[in-house]
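Descriptive structure summary
Take a look at the letters that make up each chain.
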Amino acid sequence: MTVKGALFDFSGTLFRIESTESWLRTVLKRSGTPVPDEEVVRYARGLEEAGALPGGAPPLTVPPHLEEVWAVRDRSAELHRAAFTGMAREVPLPRPELYDALYDRHMEPAAWRPYPDAPEVLGELRRRGVRMAVVSNIGWDLRPVFRAHGLDPLVDAYVLSYEHGVQKPDPRLFRAACDALGVDPRDAVMVGDDRRADAGAAALGCRVQLVDHLPVDQRPDDLRAVLGLLPDATTTL
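Residues numbered from 1 in each chain as written. Predicted model: local features only at pLDDT ≥ 70, side-chain atom pairs only at ≥ 80, totals over all residues. Heavy atoms only, no water.

1. A closer look at the nonpolar core
The condition is simple: Each nonpolar core is a collection of buried residues, namely Ala, Val, Leu, Ile, Met, Phe, Trp, Tyr and Cys, held together in the definition by side-chain atoms within 4.5 Å. Per-residue accessibility, obtained with a 1.4 Å probe over protein chains only, is compared with the maximum for each type, and a residue is labelled buried under 20%, exposed over 50%, and partly exposed between these values. Strands are runs of DSSP state E lasting at least 2 residues, helices are runs of H or I lasting at least 4, and numbering of each runs from the N terminus. What makes two residues a contact is simply this: any of their non-hydrogen atoms within 4.5 Å.
Counting residues in each nonpolar core, the largest one holds 59 residues, and the members touching the most others are Phe8, Phe10, Leu14, Leu125, Leu142 and Phe146. Here this core gets five residues from one element, more than from any other, and that element is helix α2 (residues 37-50). Leu14 has contacts with Phe8, Asp9, Arg113, Pro114, Tyr115, Ala118, Leu122, Val134, Phe146 and Leu223, leaving out every residue within four places of it along the chain. Counting 17 residues, the second largest nonpolar core, distinct from the first, contains Val159, Leu173, Phe174 and Leu181.

Below, the structure written as structure tokens:
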């Protein structure tokens, strides 16, 4: 295939959210809520098991009263907030206002780190004339994250589920991305970490390249495999 367009997932693919404990500690400090260290660790473990951190670990279980909103959480900003604050509220925290503060924290650029090879790979794709889009199941505007980390100039289009009212693996989201780039889906590759959601692009004829959703320091170069799909591929970045 001729790769003219590259679609990238956001969380777990180009960027990784901070740890659950870091997320919680930041909010507790800002709110002036004194919590013994052992309690912070316990709360963080509970929040992680609940899947309360967007971009973090999936929930061990979804409570029956949240199943409906959880299934469609990425279709709007309101549903996304309701789903994740609902999961967080399964863990009793010292102050009720902490749940919304935690949700707000995860949208801050400082809560995210790009994978080490993301700038090089996006830059090399741009140099070779490949157009790029970010296609994400999300409930908020991630563009400030890309701007803060200097990657926004390398992205031609953002196709976000909450702005379209559909979520991956619905082919309509991938179609919107290809249309925004002006490329045929058969000339595009979808790069993501979720075998179910991101592989939905295959229904349109896109090639799918999967990476592992790992902490930043454990995944230095998975994205470079994308360059191997191009005719003048190089691994000497």
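2. Some points on the packing of helix α4 (residues 77-88) against helix α5 (residues 98-106)
Let me state the cut-off plainly: Inter-axis angles, ranging from 0 to 180 degrees, are taken between N-to-C directions of lines fitted to C-alpha atoms, where helices are fitted over the stretch in contact. By the definition adopted for this analysis, an angle is roughly parallel if under 35 degrees, roughly antiparallel if over 145, roughly perpendicular if from 65 to 115, and oblique otherwise. Crossing chirality is assigned from the near helix's rotation relative to the far helix, an anticlockwise turn below a right angle marking it left-handed and a clockwise turn marking it right-handed. Residues are sorted three ways: Asp, Glu, Lys and Arg are charged, Ala, Val, Leu, Ile, Met, Phe, Trp, Tyr, Cys and Pro are nonpolar, and all the rest, Gly among them, are polar.
Put simply, α4 and α5 touch, their axes get as near as 9 Å, and they point 125 degrees apart. Between α4 and α5, the angle falls in the class oblique. α4 and α5 meet at a crossing whose hand is right-handed. Here Ala77, His80, Arg81, Phe84, Thr85 and Ala88 of α4 come into contact with α5, specifically with Tyr99, Asp100, Tyr103, Asp104 and His106. Looking at the contact of α4 with α5 residue by residue, the classes come out as five nonpolar, three polar and three charged.

3. Some points on the environment of Arg143
The criterion, for reference: We call two N or O atoms a polar contact when they sit within 3.5 Å, provided that within protein one can donate a hydrogen and the other can accept it, with sequence-adjacent residues counted only if both atoms are side-chain atoms.
By the secondary structure assignment, Arg143 is in helix α7 (residues 143-148). For the pair Arg143 and Asp184, spaced 41 residues apart in the sequence, the C-alpha separation amounts to 25 Å. Excluding anything up to four places from it in sequence, Arg143 contacts Tyr158, Leu160 and Glu163. In this structure the side chain of Arg143 is engaged in a polar contact, spanning 2.8 Å, whose partner is the side chain of Asp141.

4. Describing empty space enclosed by the protein
Rules: Only protein atoms enter the 1 Å grid used here. Points where a 1.4 Å probe fits but cannot escape make up a cavity, open sets with protein on both sides within 12 Å along at least five of seven lines make up a pocket, and a residue lines them when an atom lies within 4 Å of a point. Grid points are joined across faces, edges and corners, and a volume is the space filled by probe spheres set on the points.
For the structure on display, the rule yields one cavity of 30 Å³ or more. In this model, the largest cavity occupies a volume close to 30 Å³. Forming the boundary of the largest cavity are Trp23, Ala52, Pro54, Phe84, Thr85, Ala88, Tyr99, Leu102 and Tyr103. Sorting the residues of the lining of the largest cavity by element identifies α4 and α5 as the ones contributing at least two each. In the lining of the largest cavity, the residues fall into eight nonpolar, one polar and no charged.

5. Digging into the side chain of Lys168
Within the fold, Lys168 resides in the loop between α8 (161-164) and α9 (171-181). Classification of Lys168 as buried rests on a relative accessible area of 4%. A polar side-chain atom of Lys168 sits 2.7 Å from a polar atom in the side chain of Asp198.

6. Comments concerning the packing of aromatic side chains
Under the convention used in this document: The criterion for an aromatic pair is that two Phe, Tyr or Trp rings (for Trp, the six-membered ring) have centres within 6.5 Å, with stacked assigned to planes under 30 degrees apart, edge-to-face to planes over 60 apart and tilted to the rest.
Tallying each qualifying case throughout the model produces eight aromatic pairs. Ring geometry for Phe10 versus Phe15: centroids 5.5 Å apart, planes at 50 degrees, classification tilted. A residue is classified by how much of its surface remains accessible, and Phe15, at 0% relative accessible area, is buried. On the basis of an interplanar angle of 40 degrees and a centroid distance of 4.5 Å, the ring pair of Phe10 and Trp112 is categorised as tilted. In this pair, Phe10 is assigned in the loop between β1 (5-8) and β2 (15-17) and Trp112 in strand β3 (residues 112-114), connecting sequence segments 102 residues apart. Using a relative accessible area of 1% as the deciding quantity, one classes Phe10 as buried. The exposure class of Trp112 is buried, given its relative accessible area of 2%.

Everything listed here is a matter of geometry and, on its own, says nothing about what the molecule does.
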